[in-house]
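# Coordinates in review
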Amino acid sequence: MKELVRISNLTSHADILKIRSIVSDYEGVLACEINLNKKEVHLVYDKLSVSIDEIINAIEMAGYMVI
């Protein structure tokens, strides 16, 4: 599956590293591309291993606002 997640408070390179670390903890995530200017995270994941809701919840638990 491919998903686009927008994060309103994605503002720095440190945020990119933190989000990439959070997302990579999930076994089913195959790719993660983050665009700081557009405040977007493009994900490719195996929906049998992880759900987009799990990923979004983890991002939000780290203090980011998914819109």
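Residues numbered from 1 in each chain as written. Predicted model: local features only at pLDDT ≥ 70, side-chain atom pairs only at ≥ 80, totals over all residues. Heavy atoms only, no water.

The name an unreviewed UniProt entry assigns to the protein chain is Copper chaperone, from the organism Clostridium disporicum.

By the bridge criterion, five bridges tie strand β1 (residues 2-6) to strand β3 (residues 40-45) in an arrangement that is antiparallel. Looking at β3, one finds that Lys2 is bridged to Val44. Pairing of strand β2 (residues 29-35) with β3, which is carried by six bridges, proceeds in the antiparallel orientation. Looking across to β3, one finds that Glu33 is bridged to His42. Between β2 and β3, which follow one another and run antiparallel, lie four residues, and Lys39 among them has a positive phi close to 60°. (Pairing = 2+ DSSP bridges. Helix = DSSP H or I, 4+ residues; strand = E, 2+ residues; numbered from the N terminus.)

Before going further, it helps to examine the packing of helix α1 (residues 13-24) against helix α2 (residues 52-61). Contact geometry of α1 with α2 gives a least axis separation of 10 Å together with a crossing angle of 140°. Comparing the axis directions of α1 and α2 gives the class oblique. When the axes of α1 and α2 are compared, the crossing they make is right-handed. Between α1 and α2, the residues in contact are Ile19, Ile22 and Val23 and Ile55, Ala58 and Ile59, respectively. Of the residues contributing to the contact of α1 with α2, the split by class is six nonpolar, no polar and no charged. (Axes fitted to C-alpha atoms, helices over the stretch in contact; angles between N-to-C directions. Parallel < 35°, antiparallel > 145°, perpendicular 65-115°, else oblique. Left-handed = near helix turned anticlockwise from the far one by under 90°. Contact = heavy atoms within 4.5 Å. Nonpolar A, V, L, I, M, F, W, Y, C, P; charged D, E, K, R; others polar.)

A few words on the UniProt feature "domain: HMA" (unreviewed entry) in the protein chain. Within the UniProt annotation, "domain: HMA" (unreviewed entry) is assigned to residues 1-67. For residues 1-67, the end-to-end C-alpha separation is 19 Å, with 33% helix and 27% strand making up the annotated structure. (UniProt positions renumbered as here; feature names shortened; annotations may be inferred.)

Looking now at the sheet that holds β1. Pairing in this open sheet of three strands is antiparallel, and the strands run β1-β3-β2 from one edge to the other. If you trace the sheet from one side to the other, it starts and ends with β1 and β2, each paired once. For this sheet, the mean angle separating the axes of adjacent strands, direction not counted, is 20°. Most of the contacts of α2 go to β3, to which it runs at about 140°, and overall it touches β1, β2 and β3.

Counting through the fold element by element, Asp15 comes out in helix α1. One buried charged side chain, Asp15, makes no salt bridge at all; its nearest oppositely charged neighbour is Lys18, positioned 6.7 Å away. Sequence-distant contacts of Asp15, that is, excluding residues within four places in its chain, are made with Asn9, Leu10 and Tyr64. (Buried < 20%, exposed > 50% of the residue type's maximum accessible area, 1.4 Å probe, protein only. Lys, Arg positive; Asp, Glu negative; His and termini not counted. Salt bridge = Lys/Arg side-chain N within 4 Å of Asp/Glu carboxyl O.)

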